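Here's the letter readout for the chains.
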Amino acid sequence: KELEALREEIKGLIGQVDSQEQARLQSLVKIYQTMKPREAAAILEGLEMNVTLDVLEKMQETKSAPILASMNPQKASEITVEMSRRHQIPALPE
């Protein structure tokens with residue numbers, strides 16, 4: 001019983017952390033969506049890839065496309081490849 005109670009408490013805490021993380025990410029998305037594409041691109045190019053991907057993937061395409069277009073073509077290409085990889089279905093083991 002005690003172990004099950006601890007398990008449920010941990011699940012609840014993890015859910016809270018996930019909710020808080022999603023709220024912070026959504027706040028970042030709003031910030032970058034309101035910037036001019038060139039300004040957002042300059043900042044996003046310098047961030048860690050995972051952060052850039054998280055932000056761009058949460059944006060509407062009509063907002064993220066001009067940002068990607070304003071980036072260095074090499075960096076935009078890298079980001080596009082990584083976005084594609086994130087959405088691939090894992091291969092089944094043989």
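Please refer to the structure placed before this passage.
Residues numbered from 1 in each chain as written. Predicted model: local features only at pLDDT ≥ 70, side-chain atom pairs only at ≥ 80, totals over all residues. Heavy atoms only, no water.

(A) Region of interest: the overall build of the chain. Within the chain, the secondary structure is distributed over five helices and zero strands. Counting from the amino terminus, helix and strand elements in the chain follow one another as α-α-α-α-α. For a compact globule of 94 residues, the expected C-alpha radius of gyration is about 12 Å, and the chain comes in at 18 Å, more than 25% above that figure. Along the longest, intermediate and shortest principal axes, the C-alpha atoms of the chain span 55 × 40 × 20 Å. Going through the 94 residues of the chain one by one, you find that 20% of them count as buried. Of the contacts formed within the chain by residues at least 6 apart in sequence, a portion of 68% connects residues at least 24 apart. With an accessible surface of roughly 7,300 Å², the chain has 55% of that area assigned to carbon and sulfur atoms. Averaging the coordinates of the 12 positive side-chain charges in the chain and doing the same for the 15 negative ones gives two points 6 Å apart. (Helix = DSSP H or I, 4+ residues; strand = E, 2+ residues; numbered from the N terminus. Rg over C-alpha atoms; globule rule 2.2 N^0.38 Å. Buried < 20%, exposed > 50% of the residue type's maximum accessible area, 1.4 Å probe, protein only. Contact = heavy atoms within 4.5 Å. Areas by Shrake-Rupley, 256 points an atom, 1.4 Å probe, with all protein chains shown as cover. Lys, Arg positive; Asp, Glu negative; His and termini not counted. Charge placed at Lys NZ, Arg CZ, Asp CG, Glu CD.)

(B) Region of interest: helix α3 (residues 49–58). Taken together, the buried positions of α3 are T52, L53, V55 and L56. Down the axis, α3 shows its buried residues gathered within 170° of arc, on one side only. On its buried side, α3 packs onto α1 (2–34), α2 (37–46), α4 (61–70) and α5 (73–86). (Arc of directions from axis to C-beta.)

(C) Inspection of the pattern of salt bridges at higher detail. Considering all chains together, one arrives at six salt bridges under this definition. In this structure, the salt-bridge partner of E21 is R24, at a minimum N-O distance of 3.2 Å. Remark: R24 and E21 occur in helix α1; sequence separation between them is three residues, near one turn of the helix. Judged by its relative accessible area of 43%, E21 is partly exposed. Two residues, E82 and R85, come together in a salt bridge whose shortest N-O distance is 2.8 Å. Here R85 and E82 lie together in helix α5, a separation of three residues that amounts to about one turn. (Salt bridge = Lys/Arg side-chain N within 4 Å of Asp/Glu carboxyl O.)

(D) Seen up close, the side chain of T52. Residue position: T52 is located in helix α3. The buried category is assigned to T52, whose relative accessible area is 1%. Among the polar contacts made by the side chain of T52, one reaches the main-chain carbonyl oxygen of L44 at a distance of 2.8 Å. If we ignore the near neighbours within four places in the chain, the residues touching T52 are L44, L47 and I79. (Polar contact = N/O pair within 3.5 Å; in protein donor to acceptor, adjacent residues only side chain to side chain.)

(E) Looking closely at the packing of α1 against α3. Where α1 contacts α3, the axes come no closer than 9 Å and their chain directions differ by 75°. Looking at the two axes, α1 sits roughly perpendicular to α3. For the pair α1 and α3, contact is made by Q22, L25, L28, V29 and Y32 and by D54, V55 and K58, respectively. A breakdown of the residues in the contact of α1 with α3 according to their chemical character gives five nonpolar, one polar and two charged. (Axes fitted to C-alpha atoms, helices over the stretch in contact; angles between N-to-C directions. Parallel < 35°, antiparallel > 145°, perpendicular 65-115°, else oblique. Nonpolar A, V, L, I, M, F, W, Y, C, P; charged D, E, K, R; others polar.)

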